[in-house]
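Each chain, letter by letter, is given below.
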Amino acid sequence: MITLPAATTALVLIDFQRGIVGIPLAPHSGDAVVAKGKSLARRFRAAKAPVVLVNVAFSPDAGDALKSPVDQTTPTPPGGFPEDWTQLVDGLAEPTDLKVTKRQWGAFYGTDLDLQLRRRGVTSIVVGGIATNMGVESTARAAHEHGYAVVLAEDATTGLSADMHAFAFGHIFPMLGRVTTADQIELRS
């Protein structure tokens, strides 16, 4: 069990949005990690700890999307993204939640996430979301570099492949923070 102080801990859920949860994911389905994320969010809200919901979105002309030269681009669906792809999944958001829109993999760069956390006195974050090796890993690395204590909920996170997910949780995340499951996270007043 990992016990965290509610007054200084936030839950950060990455890309639980309509256009992402339905793609092929592993080792957990989109529905399974969303269910774990919703359960964590209910517990954080009950403890009066901040819940931050992060989505990724771009302007209609994609003028704000990264355009760095890379060997493999992030795939775009044929015909582009559906109109509602950036919207959070139904039943996730509550009025008290903080919402952050990012325009790249990580939730810190180019957003006010760090500002919102620091002004609320947050020193620890619990991270879950999609995809393990993209948005979740980028956000966890940046959180670690910003001095936050990081906890990663393995069963509230999934990736594009089971092997990539296992590598991150077995080799990368233990060097950035603590790895556990959603049910093993406890908040204290």
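Residues numbered from 1 in each chain as written. Predicted model: local features only at pLDDT ≥ 70, side-chain atom pairs only at ≥ 80, totals over all residues. Heavy atoms only, no water.

Undergrad: So what's going on with the overall build of the chain? Which residues, and what values?
TA: When its secondary structure is counted, the chain shows 5 helices and 8 strands. The C-alpha radius of gyration computed for the chain amounts to 16 Å, which stays within 12% of the reference 16 Å derived for 189 residues, consistent with globular compactness. Referenced to the eigenvectors of the C-alpha coordinate spread, the extents of the chain come out at roughly 50 × 35 × 30 Å. Carbon together with sulfur atoms contributes 54% to the accessible area of the chain, which is approximately 9,500 Å² in total. Averaging the locations of the 17 positively and 19 negatively charged side chains of the chain gives two centres separated by 8 Å. (Helix = DSSP H or I, 4+ residues; strand = E, 2+ residues; numbered from the N terminus. Rg over C-alpha atoms; globule rule 2.2 N^0.38 Å. Areas by Shrake-Rupley, 256 points an atom, 1.4 Å probe, with all protein chains shown as cover. Lys, Arg positive; Asp, Glu negative; His and termini not counted. Charge placed at Lys NZ, Arg CZ, Asp CG, Glu CD.)

Undergrad: Which residues make up the pairing of strand β2 (residues 9-14), and what are the values?
TA: Counting buried residues along β2, 6 of its 6 residues qualify, which places the element largely inside the surrounding structure. Residues Thr-9, Leu-11 and Leu-13 point to one face of β2 and Ala-10, Val-12 and Ile-14 to the other, with burial holding for every one of them. Across 6 bridges, β2 lies against strand β5 (residues 124-130) in parallel orientation. By the bridge assignment for β5, Leu-11 is matched with Val-126. With 4 bridges connecting them, β2 and strand β3 (residues 51-56) associate as parallel partners. The partner of Ile-14 across the bridge, within β3, is Val-54. (Buried < 20%, exposed > 50% of the residue type's maximum accessible area, 1.4 Å probe, protein only. Pairing = 2+ DSSP bridges.)

Undergrad: Give a description of the pairing of β3 that names residues and reports values.
TA: With 6 of 6 residues buried, β3 is to be regarded as a mostly interior element. Across the two faces of β3 the burial is the same, with Val-51, Leu-53 and Asn-55 and Val-52, Val-54 and Val-56 all buried. Relative to strand β4 (residues 98-102), β3 is paired through 5 bridges, and the arrangement is parallel. In the strand pairing of β4, Asn-55 is matched with Thr-101.

Undergrad: Quick rundown of the sheet that holds β2? Include the residues and the values.
TA: Strand order in this open sheet of 6 strands is β4-β3-β2-β5-β6-β7, and the pairing throughout is parallel. Whereas interior strands pair on both sides, the edge strands pair on one side only; in this sheet they are β4 and β7 (178-180). Each strand of the sheet is rotated relative to its neighbour by a mean of 25°, with strand direction disregarded. Of the strands in this sheet, β2, β3, β5 and β6 (149-158) touch helix α2 (residues 30-46), which is tilted by about 140° from β6. (Axes fitted to C-alpha atoms, helices over the stretch in contact; angles between N-to-C directions. Contact = heavy atoms within 4.5 Å.)

Undergrad: Tell me about the pattern of salt bridges, and name the residues and values.
TA: Working definition: two side chains of opposite charge can pair if their charged atoms are close together. If you walk through the whole model with that rule in mind, you get 9 salt bridges. A salt bridge links Arg-118 to Asp-114; the nearest nitrogen and oxygen atoms lie 2.8 Å apart. Placement of the pair is Arg-118 and Asp-114 together in helix α3 (residues 113-119), with a separation of 4 residues, close to one helical turn. One salt bridge connects Glu-137 with Arg-141, and the closest N-O pair in it is separated by 2.8 Å. Of the two residues, Glu-137 and Arg-141 are both situated in helix α4 (residues 132-145); the distance of 4 residues between them amounts to about one turn of the helix. For Arg-141, a relative accessible area of 36% gives the class partly exposed. Here the salt bridges do not stand alone but share partners, grouping Arg-18, Asp-84 and Asp-90 into one network. (Salt bridge = Lys/Arg side-chain N within 4 Å of Asp/Glu carboxyl O.)

Undergrad: An account of the side chain of Thr-9 is needed here, citing residue identities and associated values.
TA: Within the secondary structure, Thr-9 is located in strand β2. On the accessibility criterion, Thr-9 (0% relative accessible area) is buried. A distance of 2.7 Å separates the side chain of Thr-9 from the backbone oxygen of Pro-5, its partner in a polar contact. In this view, Thr-9 contacts Leu-4, Phe-44, Ala-49, Pro-50, Val-122, Ser-124, Val-126 and Leu-187; residues no more than four positions away in its chain are not counted. (Polar contact = N/O pair within 3.5 Å; in protein donor to acceptor, adjacent residues only side chain to side chain.)

Undergrad: Tell me what's going on with the confidence of the model for the chain, and back it up with residues and numbers.
TA: Summarising the model, the chain shows a mean pLDDT of 95, and 100% of its residues fall at 70 or more. Across the chain, the secondary-structure element scoring lowest on mean pLDDT is helix α1 (residues 18-21), at 94, and the one scoring highest is β2, at 99. (pLDDT = per-residue confidence, 0-100.)

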